[in-house]
Amino acid sequence: MTPITASILAVEKRTVYDGAGRADLGHVTEDVALAINCNAGPIRLLRGVQGRNGGFGLAHIESYEGRVRQFETLGFRDTVSYVRFVACDYDLIILQEDGRHVFQREKDGYFNQIVCQWDAEVAFWSVTTAIPKRAVRNVNIVWRKLTV
């Protein structure tokens, strides 16, 4: 299946670019995909829509003003910078009960997380939400980066 071009995608399905003009904020390699039994491909942030029970992407994340302030407090310029920080060098992947994957990168006592799911319509990993946490409990880790 060929990915749909941006010109015919609904606005909420259009990609958000980082400050350097990059659409791909991270990547799931073939090795990682094999380990988590999912597709390899880029991780992207879409414009999205707000919604407590169905929102996704930038609009959903930024609808929580406190979260955006938290990103800034942690030293990130904006939401896209936070998502890129996690997506480009995650430490582990957690599988949620709903089938979504949480990519996590730990730094300075925070578990920085982005929740993603494979979007077959556009053939990449789409970021649903982003959340910095101080603690993580009872998670199903499906992949962990090897440290040397």
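The structure we're discussing is the one just above.
Residues numbered from 1 in each chain as written. Predicted model: local features only at pLDDT ≥ 70, side-chain atom pairs only at ≥ 80, totals over all residues. Heavy atoms only, no water.

(A) Quick peek at the packing of aromatic side chains. Inspection of the entire model under this criterion finds seven aromatic pairs. Taking 4.2 Å as the distance between ring centres and 20 degrees as the angle between the ring planes, the aromatic pair formed by Phe-71 and Tyr-82 counts as stacked. Taken as a pair, Phe-71 in helix H3 (residues 65-73) and Tyr-82 in helix H4 (residues 79-87) lie far apart in primary sequence, eleven residues in all. Each member of the pair, Phe-71 as well as Tyr-82, carries the same accessibility label: buried. Arranged with centres 5.1 Å apart and planes meeting at 55 degrees, the rings of Phe-76 and Phe-85 form a pair that is tilted. The burial state of Phe-76 is the same as that of Phe-85; both residues are buried. Chaining the aromatic ring pairs together yields one cluster made of Tyr-90, Phe-103, Trp-118, Trp-125 and Trp-143. Positioned over the ring face of Phe-85 is Arg-105, at 3.8 Å from the centre of the ring. Positioned over the ring face of Tyr-110 is Arg-134, at 4.3 Å from the centre of the ring. (Phe/Tyr/Trp six-rings, centres within 6.5 Å; stacked < 30°, edge-to-face > 60°. Helix = DSSP H or I, 4+ residues; strand = E, 2+ residues; numbered from the N terminus. Buried < 20%, exposed > 50% of the residue type's maximum accessible area, 1.4 Å probe, protein only. Lys NZ or Arg CZ within 6 Å of the ring centre and 35° of its normal.)

(B) Highlighting the pattern of salt bridges. All chains considered together, the criterion is met by eleven salt bridges. Across the pair Asp-108 and Lys-107 runs a salt bridge, and its minimum N-O distance is 3.9 Å. Overall, the relative accessible area of 43% leaves Lys-107 in the partly exposed class. One network of salt bridges, in which partners are shared, links Asp-89, Asp-91, Arg-105 and Lys-145. (Salt bridge = Lys/Arg side-chain N within 4 Å of Asp/Glu carboxyl O.)

(C) Examining H3 more closely. Inspection of H3 places Arg-67, Val-68 and Phe-71 among the buried residues, and these make up the whole buried set. Along the axis of H3, the buried positions cluster into a sector of 100 degrees, meaning they face one direction only. In H3, those exposed residues whose orientation departs by more than 90 degrees from the buried face are Glu-65 and Thr-73. Buried residues along H3 sit against helix H2 (57-62), H4 and strand S6 (124-133). Two residues or fewer after H3 comes Gly-75, characterised by a positive phi angle close to 100 degrees. (Arc of directions from axis to C-beta. Contact = heavy atoms within 4.5 Å.)

(D) Layout of H4. Here H4 lies mainly inside the structure; eight of its nine residues are buried. All of the buried residues along H4 are Thr-79, Val-80, Ser-81, Tyr-82, Val-83, Phe-85, Val-86 and Ala-87. Among the residues of H4, the N-terminal cap falls to Asp-78, whose side-chain oxygen and the backbone nitrogen of Val-80 are separated by 3.3 Å. (Polar contact = N/O pair within 3.5 Å; in protein donor to acceptor, adjacent residues only side chain to side chain.)

(E) Summary view of the sheet that holds strand S1 (residues 26-28). Within the open sheet, the seven strands sit side by side as S1-S2-S6-S5-S4-S3-S7. Their pairing is mixed. Each end of this open sheet is capped by a strand with a single partner; those strands are S1 and strand S7 (141-144). Strand-to-strand twist of the sheet, defined as the mean angle between neighbouring strand axes without regard to direction, takes the value 30 degrees. Packed on one face of the sheet, H3 meets strand S5 (110-119) and S6 and runs near 80 degrees to S6. Sitting on the sheet, H4 is in contact with S1, strand S2 (41-44), strand S4 (101-107), S5 and S6, with an inclination near 85 degrees to S5. (Pairing = 2+ DSSP bridges. Axes fitted to C-alpha atoms, helices over the stretch in contact; angles between N-to-C directions.)

(F) Inspection of the side chain of Arg-67 at higher detail. With respect to the element layout, Arg-67 can be found in helix H3. Contacts of Arg-67, omitting those with residues within four sequence positions, involve Ile-61, Thr-129, Ala-130, Ile-131 and Pro-132.

Taken by themselves, the reported measurements are silent on function.
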